[in-house]
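Chain by chain, the residues:
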Amino acid sequence: MNLIFVLGTAGSGKSTFTAKFTRFLEYHREDVMAVNLDPGSMILPYAANVDVREYIKVEEIMEEYGLGPNGGLMLAHDMMSGIVEDLSNDIEDFTPDVCIVDTPGQMELFAFRNIGAEIAQNLTDVEKGVIYIFDGMQCRDPLNYVMNMFLATAINTKFFLPQYHLISKIDALDEYQLAEMVSWSEDQFALEEAVDARLTGLNRTMSQDMMEIINRIGLEFQPIPVSSVTNDGFSDLYAQLMMTFTDGGKFTP
Ligand SMILES: Nc1nc2c(ncn2[C@@H]2O[C@H](COP(=O)(O)OP(=O)(O)O)[C@@H](O)[C@H]2O)c(=O)[nH]1
Ligand SMILES: [Mg+2]
């Protein structure tokens, strides 16, 4: 079995992608399962085989401890530490060959608190990977694109797992916008040019400094443009995952 975490900023399309990509894998006759780790998700676009909300629901915690939405979410995430073993057992009961793990809406609550690293390490002892989603609509702005490179780099240094990058929602972008983002991912100078031309003042300086740090750390990006509406890019991603985890073969032989 392999376990793949889906990460990205709030609204980047994690849950929608989890729904559509698990269906795509099912269609390719993979024994796949979807896990929901978001204790605050009231409605999911897929049927989660394993669901953190069977143990922890944000709205119940808010009521029990008299907290508002933010306090409730923070406590809910901290409480997830206590159920990592339960979730591992639930996943192992299913014994799928590949497991797509949808993570909390607000990435910082999960990835940049202890629970993220704990889950990455202890949620079953199988080989794992990370899919980081660049929100296609937001990343048309070079500042947001660079910020996401920075976040993806931070995720990588925190999780230490093979990492794949997607640009989401390409069905909602026009051709020119998509081509521009792709050029940024292929050519560092194109991104530097866009930062120079379209940003001013502190935003420009900050982006330039962030790009320098990102380059120094040296994570490879080449994000795959995808759409969870049309399934564009899913085959590319599938091929890359198979190269890493199964030497190019299917997950379910
Ligand atoms: N057009 C389009 N919209 C998308 C796509 N993926 C997600 N969305 C929309 O983006 C919003 C946030 O998606 P969601 O999956 O809930 O994001 P999450 O917070 O990262 O889980 C929803 O309104 C989705 O319908 C896509 O591929 N194309
Ligand atoms: Mg979600």
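Residues numbered from 1 in each chain as written. Chains lettered and ligands numbered in written order. Predicted model: local features only at pLDDT ≥ 70, side-chain atom pairs only at ≥ 80, totals over all residues.

**Side note on the overall build of the chain**
Consideration 1: A tally of regular secondary structure across the chain gives 11 helices and seven strands.
Consideration 2: Taking 2.2 N^0.38 as the reference for a compact globule, 253 residues should give roughly 18 Å; the C-alpha atoms of the chain span a radius of gyration of 18 Å, in line with that estimate.
Consideration 3: Each principal axis of the C-alpha distribution contributes one length, and for the chain these read about 50 × 50 × 30 Å.
Consideration 4: A buried classification covers 41% of the 253 residues belonging to the chain.
Consideration 5: For the chain, the share of sequence-separated contacts (at least 6 apart) that also reach a separation of at least 24 residues comes to 76%. (Helix = DSSP H or I, 4+ residues; strand = E, 2+ residues; numbered from the N terminus. Rg over C-alpha atoms; globule rule 2.2 N^0.38 Å. Buried ≥ 20, exposed ≤ 12 C-beta atoms within 10 Å, placed from the backbone. Contact = placed C-beta atoms within 7 Å.)

**A short note on the site of ligand 1**
Consideration 1: With respect to spatial proximity, 16 residues lie near ligand 1, and among them Gly 13, Lys 14, Ser 15, Thr 16 and Ser 228 are the closest.
Consideration 2: A per-element tally of the shell around ligand 1 places helix H1 (residues 14–27) first, with three residues.
Consideration 3: For the shell around ligand 1, the residue count by class is three nonpolar, 10 polar and three charged. (Near = placed C-beta within 6 Å. Nonpolar A, V, L, I, M, F, W, Y, C, P; charged D, E, K, R; others polar.)

**Quick word on the pairing of strand S4 (residues 98–102)**
Consideration 1: Most of S4 is tucked away: five of the five residues are buried.
Consideration 2: Burial along S4 is two-sided: the residues Val 98, Ile 100 and Asp 102 and Cys 99 and Val 101 are all buried.
Consideration 3: Two strands pair when backbone bridges link them, and strand S1 (residues 2–8) and S4 are joined in this way by five bridges, in the parallel orientation. Residue pairing in the sheet places Asn 2 in a bridge with Val 98 of S4.
Consideration 4: For strand S2 (residues 32–36) and S4, the ladder comprises five bridges, and the chain directions are parallel. In the sheet register, Val 35 faces S4, and the bridge partner there is Val 101. (Pairing = 2+ DSSP bridges.)

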